[in-house]
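# Residue-level structural notes
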Amino acid sequence: MILTGLTNPTHNGGPPIMRPWALVVLIMLGSACNRDVWPRTLQVVDAFARSPTMFDLDGDGIDELIFRHQIARDLDGEQGALVLRTLNGNTIDQLNYAGRVLSPFFLNILGDEAPEILIPILRNDSLFVAVASAEGIKLFSFFLASGAPRIEPDGPLPWDPAVVAFEAIDIDGDDTNELVTVMMTGFARAPRSVYAHSIPDGRLIGKVDLGGFVTQSVRYLPTGATRPVLLLSTSATNNGGFAGNVDDHHTYIMLVGLDGSPTLDRVREMDTDRGTTISFGDHDRDGTDEILVFVGSPAGDNRDDVRVEVLDAATWRVLRSRAVGEVIFSPVVIDLDRDLRMELLVAKRDEIWMFNMDLDIVKRRTTPSLISGIERWPDIDGDGIDEIVAYQRGGGFFLLDPSLRVKARRAAGKVSGVMRRGNSVPPALVVIEGETTYMEQLV
């Protein structure tokens, strides 16, 4: 969608800045595309030639824009950068690194008031983490793990590591946080592990290897415990991975203990060859935490596999279970009716179903067209309820109100985040369409 001349390249290798006249054109086009018969519309207020990550680095209620950028590839390998900018376009700093810069994380690991920026860096066969302050000052970095391509008869599959989660946890009781990393590898299969490193020197304290393909990591503190644990869920990718008596041919939920060193303390096979989605908390407000487990996937066509379970968080005993008998997918947990009890939303072809925590279906709403999934995003219209986005098959999406009726529609694009713009200005929805990222407000 971006045409030559719409952007003005920067001299420092950072992301292109949208020319003022081009921004006016894009806002007019975006507003015209979004005019519809629905009660409200999304109005473009800004546009970027690159897709940023948004995070409030300085705690003023306004998100900063964080852009990833690969500067060059030369004989020494890839050179990457992270560019920090304010909402009005001022550059805070540019952090250059040797290697490919992966998606950043934001976490207070040093115990001060401000979060740090954690940047995974892939350099040849090694994965590092670089840590910078919210002001863009490099603090330290250390080695996380190494890997190798997977050799196949028709050619090698490159090593493809990714960080699922970083956590700052005092696992050895010395009143100092360690960095716990949940790391995943795709086709190359290994390593798939949970690591614990000291901060800031990066000494490896311990690790546990997992053969499953981890898709979620939830941190929580069990009742009566002194240290958090990690609840992990996996997807059955059937890629030949195996470690720790766990493979990627099956789907599991797993509990990783963090008492001195990461340990695999509990595993439950979910009796499906697809994926699981988990939610932890006191969903029904009875004073006891539960684990809500959704078993199924958008690609599934075996209706008998799709089910919802509620487990006791302490024992994993099944409290309630419902086999759905329909192809439903894309679960979202949210309190839509403000009764302090959570509801479970799922997508089904051209419908959205709502379950209560007794696993009864309490609402079924037909959507204007076939949908491919639903997502939850922070509130952008000030009603105090997070937004529900339902994606149309073929492109575009609907914004739904708390009764699951459409309040706005966008003909194309995918939501990538919500931009906080200050206490007196409503947040904006961030939408990627083609090669352009739009910031849009609900009007």
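Going by the structure above, here's the rest.
Since this is a predicted model, take the numbers as computed values, not measurements. (Residues numbered from 1 in each chain as written. Predicted model: local features only at pLDDT ≥ 70, side-chain atom pairs only at ≥ 80, totals over all residues. Heavy atoms only, no water.)

On to the sheet that holds strand S25 (residues 307-312). Reading across the sheet, the four strands line up as S23-S24-S25-S26 and stay open at both edges, with antiparallel pairing between neighbours. Sheet topology places strand S23 (276-281) and strand S26 (318-323) at the edges, where each strand pairs with a single neighbour. Taking the axes of each pair of neighbouring strands and ignoring which way they run, one obtains an average angle of 10 degrees across the sheet. Sheet topology places S23 next to strand S24 (residues 290-295); six bridges connect them, and they run antiparallel. Looking at the pairing, Ile 278 lines up with Val 293 of S24. (Pairing = 2+ DSSP bridges. Helix = DSSP H or I, 4+ residues; strand = E, 2+ residues; numbered from the N terminus. Axes fitted to C-alpha atoms, helices over the stretch in contact; angles between N-to-C directions.)

Opposite charge on two side chains makes pairing possible when the charged atoms of those side chains draw close. Applying the stated criterion across every chain, the model contains 19 salt bridges. Arg 268 is the partner of Glu 309 in a salt bridge, and the nearest nitrogen-oxygen pair spans 3.2 Å. With Glu 309 in strand S25 and Arg 268 in strand S22 (residues 262-269), the pair connects residues that are 41 residues apart, well separated along the chain. You can call Glu 309 buried: its relative accessible area is 5%. Among the ionic contacts, a cluster of salt bridges with common partners joins Arg 40, Asp 381, Glu 387 and Lys 407. (Salt bridge = Lys/Arg side-chain N within 4 Å of Asp/Glu carboxyl O. Buried < 20%, exposed > 50% of the residue type's maximum accessible area, 1.4 Å probe, protein only.)

With respect to the helices and strands, Arg 365 occurs in strand S30 (residues 361-366). Here Arg 365 occupies a buried position and makes no salt bridge, while the nearest side chain of opposite charge, Asp 401, is found at 6.5 Å. Side-chain polar atoms of Arg 365 contact the backbone oxygen of Ser 403, separated by 2.9 Å. The residues contacting Arg 365, other than those within four sequence positions of it, are Asp 350, Glu 351, Ile 352, Ser 403, Leu 404 and Arg 405. (Lys, Arg positive; Asp, Glu negative; His and termini not counted. Polar contact = N/O pair within 3.5 Å; in protein donor to acceptor, adjacent residues only side chain to side chain. Contact = heavy atoms within 4.5 Å.)

This next bit is on the side chain of Asp 335. Positionally, Asp 335 belongs in the loop between strand S27 (329-334) and strand S28 (343-348). Although Asp 335 is buried, it forms no salt bridge, and the closest oppositely charged side chain is Arg 285 at an N-O distance of 5.9 Å. At 3.0 Å, the side chain of Asp 335 and the backbone nitrogen of Leu 340 are in polar contact. When residues no more than four places from it in sequence are discounted, the contact partners of Asp 335 are Leu 340, Arg 341, Met 342, Glu 343 and Ile 385.

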